[in-house]
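Per-entry structural report
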2 protein chains.
Amino acid sequence: MDEGRITIDDIAAAAGVSVASVSRSLRDLPGVGPQTRKRIIDIADEFGYELHPQASSLASGRTSTVGVAAPLFGTWFPSRALGGVHSVLAEAGYDLLIFMMSTPADRRRFLREARSFCRRVDGLILIDTFAGADGDSADAFFNRPVVAVGERLDGAASIAIDNRLASRRAVEHLIDLGHERIGVITAPERAEMSMSTSGLRRLGYEDALRGAGLTIDPTLVAAGDGSIASGIEAMSRLLSVPEPPTGVFCMSDEMAFGALRAAQNAGVPVPDALSVIGFDDHDFAAALGLSTMRQSVDEMGMTAARTVLALIEGTEPASEITWDVPLVARQTTAARG
Amino acid sequence: MDEGRITIDDIAAAAGVSVASVSRSLRDLPGVGPQTRKRIIDIADEFGYELHPQASSLASGRTSTVGVAAPLFGTWFPSRALGGVHSVLAEAGYDLLIFMMSTPADRRRFLREARSFCRRVDGLILIDTFAGADGDSADAFFNRPVVAVGERLDGAASIAIDNRLASRRAVEHLIDLGHERIGVITAPERAEMSMSTSGLRRLGYEDALRGAGLTIDPTLVAAGDGSIASGIEAMSRLLSVPEPPTGVFCMSDEMAFGALRAAQNAGVPVPDALSVIGFDDHDFAAALGLSTMRQSVDEMGMTAARTVLALIEGTEPASEITWDVPLVARQTTAARG
DNA sequence: CTGAAAGCGCTAACAG
DNA sequence: CTGTTAGCGCTTTCAG
């Protein structure tokens, strides 16, 4: 009754061939005559038979599984990226093994357990995760092909954006609209990294100001932690400086949502008296009319998945892909009144 | 140089014991003297050795992996639930294999590939996924212990909320505040299910009205699709009926966010002229001050994970857990002006 | 094109 | 408590 017990031998016997032929047929490998192959496949279908993944894996050394390590999936970036990754992996017949790092402790655990995690997978995708710095290059450390998305990693392929350029463009959008006092709500620095996303975006902000001959005013810089709540708070601070900004660049859409709310609370009409631009193109941005810089995270995830697969199969793919971040101008930015 | 090639035999040889003792020691199984065990473990550590998962799995028939099938992880409920599931699985030393169903086509693929997916896992968690209806009970169909979260499933353990009761409570909150014309923005029905979440919540809404002796007015029911955009649209419709509601229950927080925005656009002050209550306690709800019904999705996920583990290990756990959904009154609901 | 046979690395009786 | 040994189910040379 236990259908699970039927093995490749049963199929071979039923088809009157050797297990080798069954194995070849079922894996689309050459070396089996067309009619033989058809017969084998038909019989396997009839028996509802499929190769036992663990056994195949043990015998072949391949796992047909890709590992994905990422911070908290409850968060926008990683969960969207995961979606993209999954869609191409599923199509390629690969399984997806997850390693989630919500806390710093999880991160340490990952570094500790990375080797054993890697034994279960043919390749690794690191989402928004910095993992090097050990001197070892990533591929060497993990002993598997690695592709990073959202970060550059030594010795690994990567899919990322040009954070500095993209935020420069965001601020230039405000400048083009005639704004001259432009504030910024910053994202948190992450200790693991030498030059973090936040730092790069800060430079882009300054590039734009400098490029337009505007002065850089430290009172127009408010630190956020990425959350809506911090966006509310940061924007409130910016609105209460002696000479408040007429345009604000938020390093994430979530903080921009908070910023918008703060403006509303303060009775400052957007975009009439204040323009706000975010960064991400979060799912909610369109509905809220938020102007932003679009990070096509799911596409980045898909590309990452295609890249690991190529690496696994030995095809050398592009190794450092920089994704474009188009401006999406919606209703929260307008010419300075 | 390839460290991967070191096997249990090498450890056994180095420790001067049999492979059986090594296996037992490394898996904390009884039958090894304390000093022997310590020596073996020390040597394994020194060699950086770990059991080969596929080989163990093949030999033992266990995979130490739990499968999770869920709709789009970009979405709030499933990605939060996944977080909870992962945290307990990680602690128990189980891997997490993902099956994502973004589209109806994916769903069909899942039903088709379910058996083979199940061969890779010891147990299955279905998040927000209806999978039965084939006459087969879930456990029998998947041939593995199954626990459903967010849905009841025939022949499977489940972690879910009482949708009808919870939405009744939400509407009663509005009633308690003195509201008499209470609208509802509904979530989409899902074809797969006989009595969907949306339908149950609708009944709860009517229960509350009826319980308070209020009339049920169909013009106060607006259909949404779960998105912010649909919330905006639905609320606009509700605000333009001849006698608009003074309180609105939204079947999801996301739609409530839209509803709030529509109210703002229409110049209707919340909560002064209009109370709005959502459902979920989405991450953004607190920051936006939205009153809502809290679904502790991560805890539900953790419980689901503990339940599969118990099932896998043969410990019979509770089979139908109903999770409490407390009211979280914040700033969008107030006594009728 | 097809088959035989030697493993892949570990687990689980079974013996001692 | 410890060791022996026969597999787990498949892949992959190597012959034919």
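Source: prediction; values computed, not measured.

Examining the nonpolar core
Within the largest apolar cluster, 145 residues are counted, with the highest numbers of intra-cluster contacts made by A:Ile125, A:Met235, B:Ile125 and B:Met235. Within the second largest apolar cluster, 38 residues are counted, among which are A:Phe99, A:Val146, B:Met101 and B:Phe110.

Description of the relation of the copies chain A and chain B
With an RMSD of 0.1 Å, the fit of chain A onto chain B corresponds to turning through 180 degrees and sliding 0.0 Å along the axis. Such values leave the two copies arranged in the relation of a two-fold axis. Both copies contact each other with a shared surface, as 100% of the interface residues of chain A are interface residues in chain B too.

Thoughts on the side chain of B:Arg109
Mapped onto the secondary structure, B:Arg109 falls in helix H6 (residues 104-119). Looking at B:Arg109, the relative accessible area reads 15%, which means it is buried.

Some remarks on the pairing of strand E3 (residues 123-127) of chain A
All names here are of chain A. Burial of E3 is extensive: 5 of the 5 residues sit out of reach of the surface. Relative to E3, strand E1 (residues 65-71) is paired through 4 bridges, and the arrangement is parallel. Counterpart to Val68 in the pairing with E3 is Ile125. Relative to strand E4 (residues 146-149), E3 runs parallel, the two sharing 4 bridges. Bridging from a neighbouring strand, Ile125 pairs with Val147 of E4.

Considerations on the domain arrangement of chain A
Residues and elements named next belong to chain A. For chain A, the assigned domains are domain 1 (3-60), domain 2 (65-161 + 296-323) and domain 3 (163-295). Taking only C-alpha atoms into account, the centre of domain 2 sits 29 Å from that of domain 3. Taken residue by residue, the interface counts 11 residues in domain 2 and 14 residues in domain 3. At the boundary of domain 2 with domain 3, total buried surface from both sides reaches about 1100 Å², with 50% on carbon and sulfur atoms. There are 1 salt bridge connecting domain 2 and domain 3. On inspection of domain 2 and its partner domain 3, the count reaches 4 residue pairs in polar contact (both at pLDDT 80 or more). If you list the elements that add at least two residues to the side of domain 2 that touches domain 3, you get helix H5 (76-91) and helix H13 (297-312). Among the elements that line the side of domain 2 that touches domain 3, the one with the most residues is H5, at 3 residues. Here the residues of the side of domain 2 that touches domain 3 are counted per class, giving 6 nonpolar, 1 polar and 4 charged.

Considering unusual backbone geometry
With an omega of 5 degrees, the peptide bond running from A:Val270 to A:Pro271 counts as cis. Inspection of the secondary structure assignment puts A:Pro271 in the loop between helix H11 (253-265) and strand E9 (275-277). Phi at B:Ser64 is positive, roughly 55 degrees, even though this residue is not glycine. Even without glycine at this site, B:Asp128 takes up a positive phi of about 55 degrees. With respect to the helices and strands, the residue B:Asp128 is situated in the loop between strand E3 (123-127) and helix H7 (138-142).

Definitions and cut-offs
- Residues numbered from 1 in each chain as written.
- Chains lettered and ligands numbered in written order.
- Predicted model: local features only at pLDDT ≥ 70, side-chain atom pairs only at ≥ 80, totals over all residues.
- Heavy atoms only, no water.
- Core = buried A, V, L, I, M, F, W, Y, C linked by side-chain atoms within 4.5 Å.
- Buried < 20%, exposed > 50% of the residue type's maximum accessible area, 1.4 Å probe, protein only.
- Least-squares fit on C-alpha atoms with pLDDT ≥ 70 in both.
- Contact = heavy atoms within 4.5 Å.
- Helix = DSSP H or I, 4+ residues; strand = E, 2+ residues; numbered from the N terminus.
- Pairing = 2+ DSSP bridges.
- Domains from an automatic or database assignment.
- Buried area = accessible area lost by both parts, 1.4 Å probe.
- Salt bridge = Lys/Arg side-chain N within 4 Å of Asp/Glu carboxyl O.
- Polar contact = N/O pair within 3.5 Å; in protein donor to acceptor, adjacent residues only side chain to side chain.
- Nonpolar A, V, L, I, M, F, W, Y, C, P; charged D, E, K, R; others polar.

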